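The lines below spell out each chain.
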Amino acid sequence: MSNAKVVLEPAFQGAGHKPGTEIWRIEDFKPVALPKSDYGKFYCGDSYIVLQTTCKGGAYIFDIHFWIGKDSSQDEAGTAAIKTVELDSMLGGRAVQHREPQCYESDKFLSYFKPCIIPVEGGFASGFKKPEVDKFETRLYICKGKRAIRVKEVPFARSSLNHDDVFILDTENKIFQFNGANSNIQERAKALEVIQHLKEKYHDGVCAVAIIDDGKLQAESDSGEFWVLFGGFAPIGKKTISDDDVVLETTPPKLFSITNGQLKLEDTALTKSILENTKCFLLDCGAELFVWVGRVTQVEERKTASAAVEKFIIKENRPKTTRITQVIQGYENHTFKSKFESWPVSSTAGSASTEEGRVKVTALLKQKGVDVKGITKTSAPVNDEVPPLLDGGGKLEVWCINGSVKAALPKEELGKFYSGDCYVVLYTYHSSDKKEEFYLTYWIGKNSVQEDQEAAFQIANTTWNSLKGRPVLGRIYQGKEPPQFVALFQPMVILKGGTSSGYKKFVEEKGLKDETYCADGVALIRISGTAVHNNKTLQVDAVPTSLSSTDCFVLQTKNSMFLWNGNSSSFEQQQWAAKVAEFLKTGVAVKHCKEGTESSIFWSSIGGKQSYTSKNAAPDAVIREPHLYTFSLRNGKLEVTEVFNFSQDDLLTEDTMILDTHCEVFVWMGQCVETKEKQKAFDIGQKYVQHAVAFEGISPDVPLYKVNEGNEPCFFRTYFSWDNTRSVIHGNSFEKKLSVLFGMRSEGGNKGSSGDGGPTQRASALAALSSALNPSSQGKQSDERPTSSSGDSEHTQRASAIAALSSSLNTSSKPSSTQSHSGQGSQRAAAVAALSNVLTAEGSHSPRHSRSSPTADAEKTELAPASPHQLEAGHEDVRTEPDVSQEQTANENGGQTTFSYERLISKSTDPVSGIDYKRRETYLVDSEFETVFGMTKEEFYQQPRWKQELQKKKADLF
């Protein structure tokens with residue numbers, strides 16, 4: 001920002017110094033920091049500023065959201081907007097700013113407060129009407145959203161219910177979920193997370209949960225109890241359309257330049273080059289507006305642009321709830337960039353922020369007394385962390401493709417790949433839980449012909465189908481082999497030329513020289529990898545200029561085998577080079593020569609001595625954070641929507657999702673996705689790769705996988721806090737979530753639409769209903785139940801109601817019945833009405849808190865887990881304690897079990913003994929842990945394992 005005046009708002013001091021969420025509420029037109037215990041609680045009468053700080057590539061990235069309550073005054077909302085600008089100025093003027101109207105919040109904002117936010121009536125100005133502690137107020141909520149769910153309190157009345165939405169009725173002793181007959185399965189599933197949230201927050205984790213399905217006649221006490229709360233059963237009305245139901249349409253983007261507060265339509269193709277760094281622009285996408293701010297614009301220009309956008313909203317008669325996102329040049333988000341035809345990725349993009357990030361990390365480590373001389377701008381990233389690899393000891397099969405024919409490679413040839421050929425690889429192994437798994441890929445040489453490439457895909461896909469979709473199926477291009485693929489071969493060597501007839505024909509037709517590797521010919525092989533998962537072994541031109549001081553080479557001639565070690569090569573490379581030499585020519589004596597000691601025979605074999613490079617090769621691209629997307633096809637064009645702060649819960653069984661890690665792309669398919677759609681997975685994946693190449697700068701040859709739910713490989717699961725038990729639960733999203741959270745089964749899940757369960761099922765249902773209505777028959781009665789002189793008549797009335805209901809249900813099953821369908825319907829209606837009257841009468845005599853006995857409630861709550869921690873017991877990544885016992889650590893360290901950061905780092909000059917070296921961070925005291933990682937231990941261990949490991953490596957605690 002040019003000549004930006006940094007406004008030092010006292011409340012913002014120290015903001016953005018560590019990853020995480022920070023919140024301020026506007027009080028008397030000033031921001032006041034909220035205590036963390038109030039995070040997620042928003043009052044409808046207030047406005048808030050929310051700062052989200054994330055670390056990316058060593059630099060901090062900022063998102064500032066100002067949330068406007070529906071009852072917040074215009075002055076308060078204006079203050080929030082102004083203070084957002086001030087906070088941005090303090091953070092360097094590069095934050096993405098988001099306007100978040102209540103009920104229309106962005107998915108990104110809601111992802112900070114999973115599973116939901118539930119705005120509370122009142123506000124600072126009104127004194128926050130605090131409810132009485134001892135008085136529980138029954139509330140009715142409506143839930144909308146498949147992933148980022150929006151929860152809104154509605155009047156507790158039957159008129160609020162409808163057939164299209166999902167509702168939650170929160171009472172003192174029980175939480176009911178009412179599923180409208182036309183409601184979305186995934187919204188039903190998400191609402192269960194809200195129930196769990198309410199249960200933990202307002203019921204101390206102890207209360208019963210009941211599911212009520214609209215339109216289904218259920219002979220259960222839960223259903224009757226639910227309708228009693230609404231005054232008895234009666235039909236509910238149709239949904240009335242409100243402002244909340246109006247979904248703004250996304251329109252083709254229009255770009256306006258903003259000069260002196262005036263908007264001018266840019267009637268041209270949308271390209272990045274249009275955006276000038278001295279101007280501000282408005283991108284109108286209908287449902288959302290973006291304000292793009294040039295890096296060198298003045299503060300006053302930015303304020304003028306914001307005012308012009310507000311006038312634009314009024315002039316165009318857009319809703320006041322329209323979301324506005326402001327992005328700064330160089331820090332555009334994916335959504336903004338995707339609106340353009342393309343977005344060329346600059347090689348210098350983010351370099352300034354990355355350097356700033358290094359400075360912050362260096363300063364932090366200096367505070368801890370760590371030697372930071374090696375942390376420089378030019379230092380290459382060291383990535384010696386071993387990624388998840390497939391379990392060993394499996395069966396490896398490789399076929400070389402020759403037209404429509406596949407030929408199995410003999411065992412001694414496994415690991416040899418020709419760049420002019422294509423291969424299909426199948427690895428069958430058993431995972432740690434003894435489950436048989438399959439890793440199926442097809443490898444495409446860079447010089448292979450189109451015919452072989454298509455045949456490789458067809459053969460791999462046929463194999464995938466024959467194994468009923470159980471394998472992960474991958475497409476791998478030469479030069480982009482992932483670690484899991486490379487590690488299967490010991491070693492993997494890519495050779496020149498090809499053996500397929502298609503390749504031979506191509507070389508002949510083009511008049512090219514056939515350079516196919518021959519065991520008796522001259523060949524120069526470069527070895528640049530250092531480990532089993534990243535050894536890169538490639539045949540290069542047999543000329544001196546191919547040599548490099550940083551690598552090892554194997555030179556093969558007709559009569560000799562040389563192993564040449566560059567002066568800057570590692571010991572591991574030299575070991576791999578010896579292994580490659582033995583692999584290519586088993587039993588042949590190898591002549592070792594170090595750089596500078598070569599014989600004349602060596603030089604003559606590659607055309608004579610010449611100069612070659614001694615510089616380090618450019619390091620691989622820095623690994624970025626993974627992103628999960630949903631997608632849609634609009635006029636043949638792929639449109640993606642990001643799922644922020646994703647978890648395993650976001651993998652919905654009815655959907656196909658895309659996980660982009662920058663190093664590979666996964667197309668994940670739920671169990672309920674149709675078979676035809678699953679066959680299109682690679683087409684979808686390829687469309688996404690083309691999209692990501694244009695907007696995110698990934699390689700067009702990135703490995704592409706398709707994965708079926710329940711068969712996720714370890715290198716997919718590592719990006720989630722994975723619970724294996726969830727993938728083996730069958731059913732739709734709602735049924736799965738119901739089982740996971742509450743150990744319950746959906747009553748309507750496996751029933752046919754006819755409802756003919758037979759006499760036994762009806763008898764069981766009636767018995768359960770009778771038991772529910774006559775608790776005294778079980779020998780148990782609530783002490784709080786009011787007495788009545790008309791008890792005998794009530795029992796008679798119950799019996800009559802049950803008899804009427806029994807008659808109506810059983811009539812339809814009698815083949816000799818001559819009663820008409822309309823008569824049956826009337827009889828059922830009369831039975832339900834009689835039952836409703838009984839329940840209503842009893843409900844009017846009894847206080848709500850005595851609806852069920854404590855014993856009954858206790859029995860019902862046994863279905864639900866006691867706490868979220870127990871729910872996570874099956875997760876792979878929740879272990880927070882070291883494997884070494886505290887007693888052992890204490891014995892070896894004079895009773896001490898916590899240590900300083902300087903002693904725990906892997907390069908410490910005074911290292912600690914008797915600890916679990918894979919869990920060094922657990923031995924830090926809490927205050928020092930927060931200093932090193934910028935978060936509490938609890939927050940740290942809630943992250944995915946890959947993110948934990950990355951942060952531990954940066955802090956030298958691995």
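Details of the structure are given in the entry above.
Heads up: these notes are all about the structure in this document. Everything quoted here is computed from the prediction, not taken from an experiment.

What follows concerns the overall build of the chain. Helices and strands together make up the secondary structure of the chain, namely 27 helices and 32 strands. The buried share among the 958 residues of the chain stands at 48%. Intrachain contacts of the chain at a sequence separation of at least 6 include 67% that bridge at least 24 residues. By element, 51% of the accessible surface of the chain is carried by carbon and sulfur atoms, the whole surface being about 46,600 Å².

All right, on to helix H8 (residues 450–466) then. The terminal C-alpha atoms of H8 lie 24 Å apart, and with 17 residues this matches the ideal 24 Å at 1.5 Å per residue to within 8%. Taken together, the buried positions of H8 are occupied by Asp452, Gln453, Ala455, Ala456, Ile459, Ala460, Asn461, Thr463 and Trp464.

The next thing to look at is the nonpolar core. The biggest cluster of nonpolar side chains holds 53 residues, and the ones touching the most others in it are Tyr439, Phe485 and Ile525. Looking at this core, the element that brings in the most residues is helix H11 (residues 571–584), giving six residues. Counting 31 residues, the second largest nonpolar core, distinct from the first, contains Trp399, Ile658, Val665 and Val689.

Time to look at the pattern of salt bridges. This model, assessed by the stated rule, comprises 34 salt bridges. Taking the shortest distance from any N to any O, the salt bridge between Lys190 and Glu193 comes out at 3.4 Å. In this pair, Lys190 and Glu193 are both assigned in helix H3 (residues 185–202), three residues apart and thus about one turn of the helix distant. Through salt bridges with shared partners, a single ionic network connects Glu9, Lys83 and Glu86.

Read across the open sheet, the seven strands follow the order S18-S22-S24-S23-S25-S26-S27; overall the sheet is mixed. Two strands in the sheet have a free side with no partner beyond their single neighbour: strand S18 (416–418) and strand S27 (591–594). Ignoring which end each strand starts from, the neighbouring axes of this sheet average 25° apart. Inspection of the sheet shows strand S23 (residues 523–527) paired to strand S25 (residues 552–556) by five bridges, in the antiparallel sense. Its bridge partner being in S25, Leu524 is matched across the sheet by Leu555.

How each quantity is defined
Residues numbered from 1 in each chain as written. Predicted model: local features only at pLDDT ≥ 70, side-chain atom pairs only at ≥ 80, totals over all residues. Heavy atoms only, no water. Helix = DSSP H or I, 4+ residues; strand = E, 2+ residues; numbered from the N terminus. Buried < 20%, exposed > 50% of the residue type's maximum accessible area, 1.4 Å probe, protein only. Contact = heavy atoms within 4.5 Å. Areas by Shrake-Rupley, 256 points an atom, 1.4 Å probe, with all protein chains shown as cover. Expected span 1.5 Å × (residues − 1). Core = buried A, V, L, I, M, F, W, Y, C linked by side-chain atoms within 4.5 Å. Salt bridge = Lys/Arg side-chain N within 4 Å of Asp/Glu carboxyl O. Pairing = 2+ DSSP bridges. Axes fitted to C-alpha atoms, helices over the stretch in contact; angles between N-to-C directions.

Spatial relationships are all this shows, so hold off on functional conclusions.
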